[in-house]
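# A closer look at the structure
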Amino acid sequence: MTDSKYFTTTKKGEIFELKAELNSDKKEKKKEAVKKVIASMTVGKDVSALFPDVVNCMQTDNLELKKLVYLYLMNYAKSQPDMAIMAVNTFVKDCEDPNPLIRALAVRTMGCIRVDKITEYLCEPLRKCLKDEDPYVRKTAAVCVAKLHDINAQLVEDQGFLDTLKDLISDSNPMVVANAVAALSEIAESHPSSNLLDLNPQSINKLLTALNECTEWGQIFILDCLANYTPKDDREAQSICERVTPRLSHANSAVVLSAVKVLMKFMEMLSKDLDYYGTLLKKLAPPLVTLLSAEPELQYVALRNINLIVQKRPEILKHEMKVFFVKYNDPIYVKLEKLDIMIRLASQANIAQVLAELKEYATEVDVDFVRKAVRAIGRCAIKVEQSAERCVSTLLDLIQTKVNYVVQEAIVVIKDIFRKYPNKYESVIATLCENLDSLDEPEARAAMIWIVGEYAERIDNADELLESFLEGFHDESTQVQLQLLTAIVKLFLKKPTETQELVQQVLSLATQDSDNPDLRDRGYIYWRLLSTDPVAAKEVVLAEKPLISEETDLIEPTLLDELICYIGTLASVYHKPPSAFVEGGRGVVHKSLPPRTASSESTESPETAPPGAPSGEQPDVIPAQGDLLGDLLNLDLGPPVSGPPLATSSVQMGAVDLLGGGLDSLMGDEPEGIGGPNFVTPPAAAVPANLGAPMGSGLSDLFDLTSGVGTLSGSYVAPKTVWLPAMKAKGLEISGTFTRQVGSISMDLQLTNKALQVMTDFAIQFNRNSFGLAPAAPLQVHAPLSPNQTVEISLPLSTVGSVMKMEPLNNLQVAVKNNIDVFYFSTLYPLHVLFVEDGKMDRQTFLATWKDIPNENETQFQIRDCPLNAEAASSRLQSSNIFTVAKRNVEGQDMLYQSLKLTNGIWVLAELRIQPGNPSFTLSLKCRAPEVSQHVYQAYETILKN
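Residues numbered from 1 in each chain as written. Predicted model: local features only at pLDDT ≥ 70, side-chain atom pairs only at ≥ 80, totals over all residues. Heavy atoms only, no water.

## Brief notes about the overall build of the chain
Applied cut-off: By definition, any uninterrupted DSSP run of H or I lasting at least four residues is a helix, any uninterrupted run of E lasting at least two residues is a strand, and each is numbered from the N terminus. Whether a residue is buried, partly exposed or exposed follows from its accessible area with a 1.4 Å probe, protein chains only, as a fraction of its type maximum: under 20%, in between, or over 50%, in that order. Note on contacts: a residue pair is in contact if any heavy atoms of the two residues lie within 4.5 Å. Method for areas: the Shrake-Rupley scheme with a 1.4 Å probe, in which residue coverage is limited to the protein chains shown.
Secondary structure assignment for the chain yields 37 helices and 13 strands. Per-residue burial over the chain gives 52% buried out of 946 residues. Counting only contacts in the chain whose residues sit at least 6 apart along the sequence, the fraction spanning at least 24 positions is 68%. In the form shown here, the chain has an accessible surface area of approximately 42,400 Å², with 51% of it arising from carbon and sulfur atoms.

See the structure below:
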């Protein structure tokens, strides 16, 4: 008979009977009684009154009975802590039982009893079990340490369990290793600052050895741990990848995704020129394709992860388009996800296939899916220019079907196609206008109105068409009202004589009869523009529109890099970082991909981008420059989080040595002479190590440095200027300047309250910028700022914030919050605050680098009205970290050869020509990122003239 009989009894006075049975002498009766107790407990009855009687049953050799008693104990120990202590002796005894299963059971149960009083008794048995000869006991004890740490972290640290746990990583049994890694990872996540998993090549080797022999869950623990390791160079990364690759063929999809995560992360460090890189790309595709033959729920998780992978490395799956074609019996959530990936993989090579599929989907019965398919056709047209013509004719065929929702979606996407390819497909407007009456959705109506207004000069009856929309103006949605207002103003500017009445009608409807502030404001702006300056109105309303980008729904590169580190977890399904959905954020650590490295042999990595330039892989995400409001409004204006923020791999500036590495190899042969002031030399030879040796053409006097180099006296500080006037910030005036002292950058602010109320709760946040400047501490205004009071604050800055190339390069957009509002302003920081103290190159490296940088990267500038001599100029520049490497005199001209280094690792080499008695200097700059040269010249001019 099954155990279901224990759940059917409804007797009264049951507890009393159970008590008698538990104290029976017969073992069988005892076991039956405990089963009944567990059954009652399971259905929610309170059987805590039987605690002492059940605990008495612990003294048994019967494993089944022992398990049941332990189960009861775990459930009631919390509510009966004093009684639970009675069981401690048995636990201690069981931990020394000859049967390893009982030893493990005892230690597992001890970890589950979350009672402070008991935990201290558990330390001794746990210590023994961690060193038990049986691997099953050790594996169970390893997990128990993590549980105990959760109850009492201090106790675990004091007892030295963490060190024992670290030793278990070297255990001979792979399952013990896996559990030790799992326990340490769990503890490390709840204490991000502790460096528990101190991984090094030796321990990584042990983990990789254990990986082959573990159970599937053990493999997942080990792979997740490997993903948190950063190899020291590309060789180690490749070696780990080679040993992880076999996991891709595992039957468990979680193991496959964990292996993909490790490989995606370490591929970041491999040079694309390596043969192995290509091999790895080929190996990653089949396991991902195999995941798509699982059941729909698993397919969905796989597709969400593939979506991230395709955005990061589309080349992995570019030949696998067919597996993403939709099957008739796929659930809608799988269909929509497949459709999204199809568009991401669409290219000139496969577009014909994709379009044929999409056209087929547009005739399906599922309305949501059909809409998405029609939209996908439009996205293909925008993404693959060669297919635009074919896409437009496909959309026109769909419009001819006269299926209402298909027509509406088609009109929405055709509007985007017009934006992408102006003056190309406008011939279809007539067909669109025929379907005007059938449009009932706001988005489609708004798109049609935009088309009529934008191309009013090509549509004879544009005024009639727009007038027909105007009749029900108040019943339209805001989106349509705003679009209609703009379209009629455009029409008026194109045909002023015929549409005077129409424009007056819409302006009065928008301003006098509407209670929507957005609509009213836009109406008033147009009204004032048209009445005061029609020419300006034309420039504003009919301005040329920027072309739209191909992919507007890409995940922002920094977030994408973080999500790649979370492949195979909930974050990769939600497409949100864990901090966005884990409550309390305990144990949520921001992760980022390792910076791309180049080994000593390989040449400069192709990933080296000029400052802030996005790498070739990432298409632009709209808005490209991150307009000030759009970007800053998303920022959390609490105090800055301590610890380094995410590195963005796509625009990581200092990650690669911009001098191209391998300068030592340039130190080979003896040069034949240095020609002229620009170091134009015969073949790229460099200077021998022994500078005293006889050399051709005056090389020794080039490096005849005089001893009179100035001493360090602090970088030049510009006077404070008003950055945010009081009238723009509700009475708060902000002035400031930037300083650099002893290696640290500060923003020196002066806050003045010109309002009539007290200001408190100040906070500051920077937008992403070219050099990653970010506040290194919260904005500390210690007392409330009273009216007419001024306070001076020095805000320390770091250069490890998020990076995005700005225009101009030194533009910094800032948001300041107080109890009144959030205010935005932008300012330009002088580049010399980014010149670091170790920017002095040695002479040989300088010469080799100057020759190594292409001549087209050299720019020349004139610095006028500067009365300094060479000594004074050198001294003044050195105080701002521009170092004189060498000095010589050529035909009466003083030549200073100088080097400086920016915080992101970019070197700039300079040659300053000074003619005694002539106040004009000539400055030649050479740099691998020529965008910075203009700003370096401005820094020179500022320092020398102040």
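## Observations regarding the sheet that holds strand β5 (residues 774-775)
Threshold: Only strands joined by at least two bridges in the DSSP assignment are considered to pair.
Here five strands make up an open sheet; going across it, the order is β1-β2-β3-β6-β5 and the pairing antiparallel. In this open sheet, the two edge strands, each paired with only one partner strand, are β1 (721-724) and β5. With 10 bridges joining them, strand β2 (residues 732-741) and strand β3 (residues 744-753) adopt antiparallel strand pairing. Bridge pairing in β3 places Thr737 opposite Asp748.

## A word on the side chain of Asn904
The test is simple: Polar contact is the term for a pair of N or O atoms within 3.5 Å; when the atoms are in protein, one must be able to donate a hydrogen and the other to accept it, and sequence-neighboring residues count only if both atoms are side-chain atoms.
As for its position among the elements, Asn904 is in the loop between β11 (893-901) and β12 (907-914). On the accessibility criterion, Asn904 (8% relative accessible area) is buried. For Asn904, the side chain forms a polar contact with the main-chain nitrogen of Ile906, separated by 3.3 Å.

## A closer look at the packing of helix α21 (residues 367-383) against helix α22 (residues 388-400)
The condition is simple: Angles shown run from 0 to 180 degrees and are taken between the N-to-C directions of axes, each axis being a line fitted to C-alpha atoms and, for helices, limited to the stretch in contact. Orientation categories follow fixed angle ranges, with anything under 35 degrees roughly parallel, anything over 145 roughly antiparallel, 65 to 115 roughly perpendicular, and all other angles oblique. We call a crossing left-handed when the near helix sits turned anticlockwise from the far one by less than a right angle, and right-handed when that turn is clockwise. The residue classification treats Ala, Val, Leu, Ile, Met, Phe, Trp, Tyr, Cys and Pro as nonpolar and Asp, Glu, Lys and Arg as charged. All others, Gly included, are polar.
With their axes 8 Å apart at the nearest point, α21 and α22 run at an angle of 160 degrees to one another. The orientation of α21 relative to α22 falls into the category roughly antiparallel. Here the hand of the crossing between α21 and α22 comes out left-handed. Residues Val374, Ile377, Cys380 and Ala381 of α21 lie in contact with α22, whose contacting residues are Ala388, Cys391, Thr394, Leu395 and Leu398. Class assignment for the residues of the contact of α21 with α22 results in eight nonpolar, one polar and no charged.

## Examining the nonpolar core
We count it as follows: Side-chain atoms within 4.5 Å link the members of a nonpolar core, which is a set of buried Ala, Val, Leu, Ile, Met, Phe, Trp, Tyr and Cys residues.
Core analysis: the largest hydrophobic core is formed by 213 residues, its most contacted members being Tyr72, Val244 and Phe418. Beyond its immediate stretch of four places on either side in the chain, Tyr72 contacts Val37, Ile38, Met41, Val47, Ser48, Leu50, Phe51 and Val54. Grouped together as the second largest cluster of nonpolar side chains are 63 residues, Met759, Leu834, Ile906 and Leu923 included.

## Some remarks on the pairing of strand β10 (residues 883-890)
Of all eight residues that make up β10, six are buried, and the element is covered over most of its length. In sequence, β10 turns back onto β11 through a hairpin of two residues, with Glu891 there showing a positive phi of about 50 degrees.

## Overview of the packing of aromatic side chains
Rules: Stacked, edge-to-face and tilted labels apply to pairs of Phe, Tyr and Trp rings (six-membered ring for Trp) whose centres lie within 6.5 Å, assigned for plane angles under 30 degrees, over 60, and everything in between, in that order. Charges are assigned to positions over rings by a cutoff of 6 Å between ring centre and Lys NZ or Arg CZ, combined with an angular limit of 35 degrees from the ring normal.
Applying the stated criterion to the full structure yields 12 aromatic pairs. Summarising the aromatic geometry, the rings of Tyr361 and Phe369 are spaced 5.2 Å apart at their centres and angled 40 degrees between planes, so their arrangement reads as tilted. Residue class for Tyr361 comes out buried when judged on its relative accessible area of 3%. Connected via pairs of aromatic rings, a cluster forms that spans Trp723, Phe738, Phe771, Phe825 and Tyr829. Directly above the aromatic system of Phe369 lies the positively charged group of Lys335, at a separation of 5.2 Å from the ring centroid.

## Focus: the state of the cysteines
What counts, and what does not: Our working definition of a disulfide is a cysteine sulfur pair at a distance within 2.5 Å.
Going through the model one piece at a time under the given rule, you end up with zero disulfides. The thiol of Cys95 is not disulfide-bonded; the next cysteine sulfur, from Cys129, is found 4.1 Å away. When its relative accessible area of 6% is taken as the criterion, Cys95 is described as buried. Cys112 forms no disulfide, and the closest cysteine sulfur to it belongs to Cys144, at a distance of 7.7 Å. The class for Cys112 is partly exposed, based on a relative accessible area of 26%.

## Points about the packing of helix α27 (residues 478-494) against helix α28 (residues 500-511)
The interhelical angle for the contact between α27 and α28, taken along N-to-C directions, is 155 degrees, at an axis separation of 9 Å. By the criterion of interaxial angle, the relationship of α27 to α28 is roughly antiparallel. The element α27 and its partner α28 pack so that their crossing is left-handed. Contact residues: α27 offers Leu485, Ile488, Val489, Leu491 and Phe492, while α28 offers Gln500, Leu502, Val503, Val506, Leu507 and Ala510. Tallied by class, the residues present in the contact of α27 with α28 amount to 10 nonpolar, one polar and no charged.

## Focus: helix α26 (residues 462-470)
Since one α-helical turn is 3.6 residues long, residues separated by three or four positions face the same way. For clarity, the threshold we go by: Think of it as the arc spanned by the lines of direction from the helix axis to the C-beta atoms.
Looking at α26, one finds that the buried residues are Ala462, Leu465, Leu466, Phe469 and Leu470. End-on, the buried residues of α26 take up no more than an arc of 145 degrees, which puts them together on one face. The inward-facing, buried residues of α26 contact α24 (429-434), α25 (442-454), α27 and α28.

## Details of the environment of Asn516
Within the secondary structure, Asn516 is located in the loop between α28 and α29 (517-532). Within polar-contact distance, the side chain of Asn516 engages the backbone nitrogen of Asp518 at 2.9 Å.

## Considering unusual backbone geometry
Of the consecutive residues Glu807 and Pro808, the connecting peptide bond is found in the cis state with omega at -5 degrees. Considering the arrangement of structural elements, one finds Pro808 in the loop between β6 (790-798) and β7 (811-817). For Asn788, which is not glycine, the phi dihedral falls at a positive 65 degrees. As for its position among the elements, Asn788 is in the loop between β5 and β6.

## A closer look at the pairing of β12
β12 sits mainly inside the fold: eight of its eight residues count as buried. Connecting β11 to the next strand, β12, in antiparallel fashion are five residues, including Gly905 with a positive phi near 90 degrees. Of the pairings in the sheet, the one linking β12 to strand β13 (residues 921-927) comprises seven bridges and is antiparallel in character. Its bridge partner lying in β13, Leu912 is registered against Leu923. In sequence, β12 turns back onto β13 through a hairpin of six residues, with Gly917 there showing a positive phi of about 85 degrees.

## So, the confidence of the model for the chain
Quick note on the threshold: Confidence of the predictor at the level of single residues is captured by pLDDT, which takes values from 0 to 100.
Model confidence for the chain is summarised by a mean pLDDT of 79, while 84% of its residues fall at 70 or above. Scored below 50 in pLDDT, residues 598-713 makes 224 contacts in the model with residues more than four places away or belonging to other chains.

## Description of the sheet that holds β11
As summarised here, the arrangement of the five strands in space is β9-β13-β12-β11-β10, forming an open sheet in which the pairing is antiparallel. The open sheet has two edge strands with one neighbour each: β9 (858-863) and β10. For this sheet, the mean inter-axis angle between neighbouring strands, taken without regard to orientation, is 20 degrees. Along the sheet face, helix α35 (residues 843-852) touches β9, β10, β11, β12 and β13 and points at about 95 degrees away from the line of β12.

## Quick notes on helix α36 (residues 870-878)
Buried residues of α36: Ala870, Ala873, Ser874, Leu877 and Gln878, and no others. The arc that holds every buried residue of α36, seen down its axis, measures 125 degrees, which confines them to one face. Contact partners of the buried residues in α36: β10, β11, β12, β13 and α37 (933-945). Its side-chain oxygen at 3.3 Å from the backbone nitrogen of Glu871, Asn869 defines the N-terminal cap of α36.

## Description of the pattern of salt bridges
Worth spelling out the cut-off: Each reported salt bridge corresponds to a side-chain nitrogen of Lys or Arg within 4 Å of a carboxyl oxygen of Asp or Glu.
Under the criterion given, the structure shown has 33 salt bridges. One salt bridge in this structure joins Glu441 and Arg371, with 2.4 Å as the shortest N-O distance. Within this pair, whereas Glu441 is found in the loop between α24 and α25, its partner Arg371 is found in helix α21, the two being separated by 70 residues in sequence. One salt bridge connects Lys754 with Glu733, and the closest N-O pair in it is separated by 2.9 Å. On the criterion of sequence distance, the pair formed by Lys754 in the loop between β3 and β4 (763-766) and Glu733 in strand β2 is long-range, its members being 21 residues apart. For Lys754, a relative accessible area of 48% gives the class partly exposed. Residue class for Glu733 comes out buried when judged on its relative accessible area of 15%. Each of Arg371, Arg375, Glu409, Glu441 and Glu443 takes part in salt bridges that share partners, so that together they form one network.

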